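Chain residues, written in single-letter form:
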Amino acid sequence: MSMEDLFKVIDSMRHELIDLTREFIQVPTVNPPGERYEEMAEVMAKRLSEAGFSTRLVRVPDERLRELGLELPRVNVIGVLKGSGGGRSLCYNGHYDVVPPGGGWSVDPFGGVVRDGRIYGRGAADMKGANAAMIVAVKALKEAGFRLRGDVVYVATPDEETGGHAGAEYVVKEGLVRADACVVGEPTEVDKIAVAHKGVVWLELTTYGKAAHASLPHRGINAVEKMAKVIVSLEKLKAELAKRETKVPMPEDSRTPTMMVGGVIHGGVKINVVPDRCVVTIDRRLIPEEDAEQVISEIRGFIEELKREDPELRVDLRVLEVASPAYTREDEEIVKVVRESIKRVTGRDAVITGLTGFTDMRFFNQVMPTILYGPGSMSQAHVADEHVAVEDLIVGAKVYALTVLGFLGYKK
Ligand SMILES: [Zn+2]
């Protein structure tokens, strides 16, 4: 069996790949709040078993759900395909939750419509298509008669779109997933490998003042005006951030940390009352060289400085969410193997890049070298008429299959 024969097997599974992607899209696993997860997990487990995996469902215990403030069940799917021994093991991961569809669709977002060589639907690109391509890739290897030396561990996780705490973070922290490397199938486009992603710190700043009648504003302290000064001062910190350039691969316009102030802002209750409170959010993106704790203390230090300059300034800082950045060195074996696989399938040299958004890579990366590679484009994620090209799914499946062979080793 040559590589060309393997490619023929995958080409012949075109309709199976389309149907599997459609089947996944047709379960509306909308998150938040996390709908239809049990049904989705059952569907995936069934398809994994058919592909030769021994499969189990891992439910997040109620107690943990309560701590996370979640009401609906959270189920992770873990499949293991045992090798004959002596090879490295590889983890494939995809999240199966999707963001709410929103408006503006010309097709049913959960219909799985196929038109002009594309599959449409929420999650087509981000990332039910990749889940389907990973499963079909492994099934094709079995059908083509390859006997793998190492194990393939496939893990499908919920909740990526809301931070991954009951999904990837849970399975990693519980020690349920371990391999020599991991590929997360986020849509990087078929000839790109993302070896890094940025992190995020979400903060909420509150200034406090003193209410007074607007006809006598000097008797109060205006919390909104105080916040305005804080916001303007933060420009200095932004200028500092613009000088910090990452050394890891990132898109040209995303090579520095960023800070976006005022995604949400509230203040005041009435036109003629001096506002006694103002709340503003900060979205601070971290380059892989940065550490979330250091970033938070940098902002705290900056605020303390402002307080010293203005003794009347009362301000609180609250951390809403932290997601660490992630980076895997380009000389890791998994990067080399995926790179070679892309070359063999597409004939093109892979582009090594990073993602500006955060992903579940940051959890898997704590226990094994992890990269992002998947069919479809991030520009399709979270938009109306989300779609993935069938051709890209096929290329993705071929790259996934070759990566398994290259990383695990095989006997024919
Ligand atoms: Zn995604």
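Residues numbered from 1 in each chain as written. Predicted model: local features only at pLDDT ≥ 70, side-chain atom pairs only at ≥ 80, totals over all residues.

Colleague: Hey, could you run me through the overall build of the chain in this one?
Modeller: Helix and strand counts for the chain come out as 11 helices and 18 strands. In terms of overall size, the chain behaves like a compact globule, its C-alpha atoms giving a radius of gyration of 24 Å where 412 residues would be expected to give roughly 22 Å. For the chain, the C-alpha atoms occupy an extent of roughly 85 × 45 × 40 Å along the three principal directions. Put simply, the chain has 412 residues, and 48% of those count as buried. Put simply, 81% of the contacts in the chain that link residues at least 6 apart link residues at least 24 apart. (Helix = DSSP H or I, 4+ residues; strand = E, 2+ residues; numbered from the N terminus. Rg over C-alpha atoms; globule rule 2.2 N^0.38 Å. Buried ≥ 20, exposed ≤ 12 C-beta atoms within 10 Å, placed from the backbone. Contact = placed C-beta atoms within 7 Å.)

Colleague: What's the story with the domain arrangement of the chain in this structure? I'm lost.
Modeller: A common way to state how big an interface is: give the accessible area lost once the parts meet. Domain boundaries assigned for the chain yield domain 1 (3-197 + 326-411) and domain 2 (199-323). Inter-centroid distance (C-alpha atoms) of domain 1 to domain 2 is 37 Å. Contacts between the two partners involve 11 residues from domain 1 and, on the opposite side, 10 residues from domain 2. If you list the elements that add at least two residues to the side of domain 1 that touches domain 2, you get strand E9 (192-197), strand E14 (326-327) and strand E15 (351-355). With 3 residues, E15 is the single largest residue contributor to the side of domain 1 that touches domain 2. When its residues are assigned to classes, the side of domain 1 that touches domain 2 shows 6 nonpolar, 4 polar and 1 charged. (Domains from an automatic or database assignment. Nonpolar A, V, L, I, M, F, W, Y, C, P; charged D, E, K, R; others polar.)

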